[in-house]
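What follows is each chain in one-letter form.
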Amino acid sequence: KDAAVEIVRSGILPTLAQALRSKCSLSCQVALVVAEMAREAAVREPCIEAGLVKVLVPHLNSNNQEMLLNTGRAIGRICFDNSYQQDQLVQSGVIPRLVSIIREYPENDPLVNVCLLALCNLADMDSARDALAELDVADVLTFQLKRAPDAERRHVILEILGSLSESDTLKLQFAESGVPEALSEMIRGLQGGSDPHDLCSIKIASNLIVSLLLGDESMQKCFGEGSGLVYQDVLSWLQSSNTQLQLSGALAIANFARNDSNCVKMLDLGVVPHILTVLEQHVDEGDVSVQHAGLSALRNLAIPATNKVQMLEDGVTERIKTLLRSDMPPVQFKLLGTLRMMVDGQEEAALVLGRDAVLLARVMEWCEAKDHAGVRGEASRLLAALIRHSRSPEVVHAVTKADGVRHLISMATSEHVIMQNEALVSLAIASAVDIESMKNPFMDAELLPMLKKMLEDPVGAVEVKFSALGLICSLANSS
């Protein structure tokens, strides 16, 4: 450390810069000296002030691999953690040259490593991403990923891919260039081991695949009508004992289930039992993230009406009800939303769940969740859905007996128009099919003054007033 500082103090930096500028026979050794000095943070700013970066950059066009190695190390160390200098490097056109060097010397591991580290440091910059989008960098990175000699190299490449995949343009390029397949292949090769570095690689790569699936076009390509390599591997993740892969698998299925045709296809291919098995593994003392992701996947899969019918016949609601004992608000929230999706338009399902005293008792607890407004809201919405979709006196009676009507009345004053409407419609249906059960709760809650206030509200939503009138008409007809 002291030696590097002393060299700087000696005033030799301008001489070194001149030697590099003149491209003399000693340039390679000079670049090595600068690279070694620049290990010390204290000398980096003096190196910049002496113009060393500017005179080093042209040497990246050398055809001498040792010169390239020394130059790359020197520039990388001097510009480390210096956003201004890094931006200047990108503006000077180093990105295409770094990719070219990796292409030209793919087997020179020290040189490839220097270039990958440089790309890793620059990949967060929009200007660097724009430059890389024009270079078809995916094939270079996947080739190096497949031949990576150790976890350290893998992680650098995965970090580059992760940063670059935040660009929609590059995300699509990656999907078309086989990046998800290369990541999937890497995971396959590492599965089953216990090495912490390998497990870390699996986590990063599986998260990256989930991220790449956020793009619609890249997601469809990976799905491949249910026969895509990545989709097939995702199914195997669900059956893995690795919690991280189970989580990524469930998140990936939720991403694949973003359109109806994929949902129908996946149901036909038998994905649901795998998700249910994973959920059941994590009911007691399990991983909350896995439960949350699994329920998200089921909820998305249940959106098409044909899927709802099939999933109900397959006993999905009965199996996910085991999660009712969960104490974790994120799981409670997702479970309520999934059950609500399952009964949407399904009279028989709403009837079965609406008469389930154990379910209703738990939902009532969640209607009063003090610390989680989302759980409270979803619990009330499920109650409303059970009445709306069953239109059954038995369900109305069960909800009333469980003291659920007051929660629906409270929901009718929500700040969210959609929740107000759902509550008012369910109350109108309830009063139409079983006014006797509703009398006391309505009187206790002073329902009529509340409805009058809604109708007189000058800024109230038209649809809410319409639903309030519907409830008033229902009450008038039932009297």
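Since the model is a prediction, treat every value here as computed from it, not as a measurement.

Draft legend 1. Highlighting the nonpolar core. Judged by nonpolar contacts, the single largest core of 169 residues is most densely connected at Leu-52, Leu-183, Ile-253, Phe-256, Val-271 and Leu-301. Once you skip the residues sitting within four places of it in the chain, Leu-183 turns out to touch Leu-145, Leu-158, Leu-161, Ala-205, Leu-208, Ile-209 and Leu-212.

Draft legend 2. Seen up close, the environment of Leu-190. With respect to the helices and strands, the residue Leu-190 is situated in helix α14 (residues 179-190). Through-space distance from the C-alpha of Leu-190 to that of Ile-202 is 7.2 Å; in sequence the pair is twelve residues apart. The residues contacting Leu-190, other than those within four sequence positions of it, are Arg-154, Asp-198, Ser-201 and Ile-202.

Draft legend 3. View of unusual backbone geometry. The phi dihedral of Asp-81 is positive, around 60°, even though this residue is not glycine. Topologically, Asp-81 is positioned in the loop between α6 (65-78) and α7 (83-91).

Draft legend 4. Expanded view of helix α27 (residues 373-390). Here α27 contains 18 residues, and its C-alpha end-to-end distance of 26 Å stays within 8% of the 26 Å for a straight helix at 1.5 Å per residue. Across the 18 residues of α27, 14 count as buried, placing the element largely inside the fold. Looking one or two residues beyond α27, the residue adopting positive phi is Arg-391, at roughly 50°.

Draft legend 5. Inspection of the packing of α14 against helix α15 (residues 196-212) at higher detail. Between α14 and α15, whose axes approach to 9 Å, the crossing angle comes to 155°. The orientation of α14 with respect to α15, classified from their angle, is roughly antiparallel. The element α14 and its partner α15 pack so that their crossing is left-handed. Residue-level inspection shows Val-179, Pro-180, Leu-183, Ser-184, Met-186, Ile-187 and Leu-190 of α14 in contact with α15, the latter providing Asp-198, Ser-201, Ile-202, Ala-205, Ser-206, Leu-208, Ile-209 and Leu-212.

Draft legend 6. Geometry of the side chain of Gln-144. On the secondary structure map, Gln-144 appears in helix α11 (residues 137-146). Owing to a relative accessible area of 1%, Gln-144 belongs among the buried residues under this scheme. Among the polar contacts listed, one links the side chain of Gln-144 to the backbone oxygen of Pro-106, at a separation of 3.2 Å.

Draft legend 7. Representation of helix α3 (residues 27-37). Within α3, the full set of buried residues consists of Ser-27, Cys-28, Val-30, Ala-31, Val-34, Ala-35 and Met-37. The elements touched by buried residues of α3 are α1 (2-9), α2 (13-21), α5 (52-56) and α6.

Draft legend 8. Representation of the pattern of salt bridges. If you walk through the whole model with that rule in mind, you get 27 salt bridges. The partner of Glu-378 in a salt bridge is Arg-340, with the nearest N and O atoms 3.1 Å apart. Taken together, the residues Glu-378 in helix α27 and Arg-340 in helix α24 (residues 329-343) connect sequence positions 38 residues apart. Residue classification places Glu-378 among the buried residues on the basis of a relative accessible area of 9%.

Draft legend 9. Seen up close, the packing of helix α10 (residues 126-133) against helix α13 (residues 168-176). Running from N to C, α10 and α13 cross one another at 35°; their axes reach a closest spacing of 10 Å. Remark: the crossing between α10 and α13 carries left-handed chirality. Contacts between α10 and α13 involve Arg-129, Leu-132 and Ala-133 from the former and Thr-169, Leu-170 and Gln-173 from the latter.

Draft legend 10. Region of interest: the packing of aromatic side chains. Tallied over the entire structure, the rule returns three aromatic pairs. Aromatic side chains Phe-223 and Phe-256 sit 5.5 Å apart centroid to centroid with 45° between the ring planes, which places their arrangement in the tilted category. Taken together, the residues span a long stretch of sequence, with Phe-223 in helix α16 (residues 216-223) and Phe-256 in helix α18 (residues 243-256) at a distance of 33 residues. Its relative accessible area of 0% is what places Phe-223 among the buried residues.

Draft legend 11. The environment of Ala-428, seen in detail. Along the polypeptide, Ala-428 turns up in helix α30 (residues 417-433). According to the relative accessible area criterion, Ala-428 is buried, its value standing at 13%. When the C-alpha positions of Ala-428 and Arg-388 are compared, they lie 9.2 Å apart, and in sequence the two are 40 residues distant.

Draft legend 12. Representation of the state of the cysteines in the model. In this structure the tally under the stated criterion is zero disulfides. Distance from the sulfur of Cys-79, which forms no disulfide, to the nearest cysteine sulfur (Cys-47) is 9.9 Å. When its relative accessible area of 3% is taken as the criterion, Cys-79 is described as buried. Between Cys-200, a cysteine without a disulfide, and Cys-120, which holds the nearest cysteine sulfur, the sulfur-to-sulfur distance is 13 Å. On the basis of relative accessible area, Cys-200 is assigned to the partly exposed category, the value being 33%.

Draft legend 13. Region of the structure containing the environment of Val-343. For Val-343, the location among the structural elements is in helix α24. Taking the relative accessible area as the measure of exposure, Val-343 reaches 0% and is therefore buried. With residues up to four places along the chain from it excluded, the contact list for Val-343 reads Ala-349, Ala-350, Leu-353, Ala-385, Leu-386 and His-389.

What counts, and where the lines are drawn
Residues numbered from 1 in each chain as written. Predicted model: local features only at pLDDT ≥ 70, side-chain atom pairs only at ≥ 80, totals over all residues. Heavy atoms only, no water. Core = buried A, V, L, I, M, F, W, Y, C linked by side-chain atoms within 4.5 Å. Buried < 20%, exposed > 50% of the residue type's maximum accessible area, 1.4 Å probe, protein only. Contact = heavy atoms within 4.5 Å. Helix = DSSP H or I, 4+ residues; strand = E, 2+ residues; numbered from the N terminus. Expected span 1.5 Å × (residues − 1). Axes fitted to C-alpha atoms, helices over the stretch in contact; angles between N-to-C directions. Parallel < 35°, antiparallel > 145°, perpendicular 65-115°, else oblique. Left-handed = near helix turned anticlockwise from the far one by under 90°. Polar contact = N/O pair within 3.5 Å; in protein donor to acceptor, adjacent residues only side chain to side chain. Salt bridge = Lys/Arg side-chain N within 4 Å of Asp/Glu carboxyl O. Phe/Tyr/Trp six-rings, centres within 6.5 Å; stacked < 30°, edge-to-face > 60°. Disulfide = S-S within 2.5 Å.

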